[in-house]
Amino acid sequence: MENDNPEEKTFSIDHILTNENLNNLYRLEWNRRISLLYGLLNETNKIPQKLFFGDIDGDVLFRELKAMFPTAFVHYNEVNHESEAGEKKAFLFVIRNDLIVHFENSQHAHDVGVIMYSVLEDEALLEHFKILINSCRKRKEDKNCFYLLTSPPYGLELKRIEIVIQKFDLSLHYNDDFVEFNDHLVRSVTSEKRVGKIVLMNGLYGTGKTFYIRHLIATLKLEIIYLTSSMAAHLGQPELTEMLLQHDGEKAIVIEDAELLISRRNEGNSSIVSSILNLSDGILGDALKVKLIIITSNSKLQDIDPAVLRKGRLLVNYEFGKLKRDKAQKLSDSLGYKTAIVEDLTLAEIYNQEAPGVILKQEKLGFNLS
């Protein structure tokens, strides 16, 4: 009886190129397919290497690879699976028995690919691959975007995220000392005499730290690499380092809600702190073209690891607080509210005055008629 399970089919580099085996290969999900191809290269008794890439224009990459390797075996797969929403596009280049390039754009793998090789003595060829991949990235300079580090089943991915950012008046949203902080940060990006890379923004929830980061995404001429606190553990790991090298522009790394990551080292977080420090003043940070490391935290300054605050590492620190009463009143008025503000407020409280659970103290004017 014929076995219809594609995962139990037998494959090898030599006979994978038949139509039947290729069809079985493409029936596998992306991560299982990569594991299978990786295993085939592993049969050479030399540990294979994997170089993942994402945010690629697959059509451009296909044309460039065809021109670069005209004698390579190529299989292009473009089908509409009933089990998937929309079209799946994938291609496989077998350049030689120890060098494979695979790309897919589908519901499960969005514009991602991998180069797998068991032996690649020609370092110049590998560097050429990296340059080629970078030249095929999707670029939309008219859009505000950042790169979010994610961990899909096949490995790490820097996923391009486009966001809509409306312009706003910094002086209206923050206290008077904020303008000096912002000017110093922006000037430091282009300054040759800048000392330190860490920008520490700590303070209460709802005081505008994330709001300000959205502003920086729109104004800084840097690639913004965004890490959630749970993904920051990948800092310093080879796979992420390789991905950051592929993004050859100057970068700002953003780590939000990092209070547990940068607390004093007796909390068991020394490896993450060390990775942050290496990026801030080490050779690695220079090699990756990291200009800023922007860290947000809700911790008090005295609870933060002193190594993060050391001169030469810390570029600037700003403690976000509630907006002073008179400024809170101006912002509330500009948003169309008729509230008489009588105390300092967070931006979250001002913007969400009509939300359930938000109670503001108000001056009582005239009679209270019910």
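Here the structure is a predicted model, which means the values were calculated and not measured.

Got a sec to walk through empty space enclosed by the protein? Specific residues and values, please.
Where empty space is left in the structure can be found by rolling a water-sized probe over the atoms. This structure, assessed with the given rule, holds three cavities of 30 Å³ or more. Its volume calculated, the largest cavity comes out at about 40 Å³. As for the largest cavity, its lining consists of Phe52, Phe53, Gly54, Arg137, Leu158, Met243, Gln246 and His247. Mapped by element, the contributors of at least two residues to the lining of the largest cavity are strand 1 (49–53) and helix 8 (238–246). Here the residues of the lining of the largest cavity sort into four nonpolar, three polar and one charged. Quantified by volume, the second largest cavity comes out at close to 40 Å³. Every residue lining the second largest cavity is listed: His173, Tyr174, Asn175, Thr207, Gly321, Lys322, Leu323, Leu345, Thr346 and Leu347.

Just give me the short version of the sheet that holds strand 11 (residues 290–297), but keep the residues and values in it.
Taken in spatial order, the seven strands line up as 7-6-9-10-11-8-12 in an open sheet, and their pairing is mixed. What marks the edges here is a single partner per strand, and that holds for strand 7 (157–162) and strand 12 (314–320). Each strand axis lies, on average, 20° off the axis of its neighbour in the sheet, ignoring direction. Pairing of strand 6 (residues 145–150) with strand 9 (residues 223–227), which is carried by two bridges, proceeds in the parallel orientation. Counted as the bridge partner of Leu148 is Tyr226 from strand 9. Lying over the sheet, helix 6 (residues 178–190) contacts strand 8 (198–203), strand 11 and strand 12, oriented at roughly 155° with respect to strand 12. Contacts from helix 9 (residues 270–281) reach strand 8, strand 10 (251–255) and strand 11, with the element oriented near 145° to strand 11.

Describe the nonpolar core, with residues and values.
By size, the foremost hydrophobic cluster in this structure holds 35 residues, and its most contacted members are Phe181, Val199, Tyr212 and Leu292. The residues touching Phe181, leaving out its near neighbours within four places in the chain, are Val199, Met201, Tyr212, Val316 and Tyr318. By size, the runner-up hydrophobic cluster in this structure holds 31 residues, among which are Tyr147, Leu149, Leu277 and Ile293.

Account for the environment of Lys167, with residues named and values stated.
Locating Lys167 in the fold gives a position in the loop between strand 7 and helix 5 (170–173). We classify Lys167 as exposed; its relative accessible area is 87%. When the C-alpha positions of Lys167 and Ala218 are compared, they lie 8.9 Å apart, and in sequence the two are 51 residues distant.

Can you break down the packing of aromatic side chains residue by residue, with the values?
With the rule as written, the count across this model stands at 20 aromatic pairs. Taking 5.7 Å as the distance between ring centres and 80° as the angle between the ring planes, the aromatic pair formed by Phe91 and Phe93 counts as edge-to-face. One exposure class covers both Phe91 and Phe93, and it is buried. The interplanar angle of 80° and the centroid separation of 5.8 Å between the aromatic rings of Tyr174 and Phe320 together place this pair among those described as edge-to-face. Taken together, the residues Tyr174 in the loop between helix 5 and helix 6 and Phe320 in strand 12 connect sequence positions 146 residues apart.

Definitions and cut-offs
Residues numbered from 1 in each chain as written. Predicted model: local features only at pLDDT ≥ 70, side-chain atom pairs only at ≥ 80, totals over all residues. Heavy atoms only, no water. 1 Å grid on protein atoms, 1.4 Å probe; cavity = no way out; pocket = protein on both sides within 12 Å on 5 of 7 lines; lining within 4 Å. Points joined across faces, edges and corners; volume = space filled by probe spheres on them. Helix = DSSP H or I, 4+ residues; strand = E, 2+ residues; numbered from the N terminus. Nonpolar A, V, L, I, M, F, W, Y, C, P; charged D, E, K, R; others polar. Pairing = 2+ DSSP bridges. Axes fitted to C-alpha atoms, helices over the stretch in contact; angles between N-to-C directions. Contact = heavy atoms within 4.5 Å. Core = buried A, V, L, I, M, F, W, Y, C linked by side-chain atoms within 4.5 Å. Buried < 20%, exposed > 50% of the residue type's maximum accessible area, 1.4 Å probe, protein only. Phe/Tyr/Trp six-rings, centres within 6.5 Å; stacked < 30°, edge-to-face > 60°.

Read these as geometric descriptors, not functional statements.
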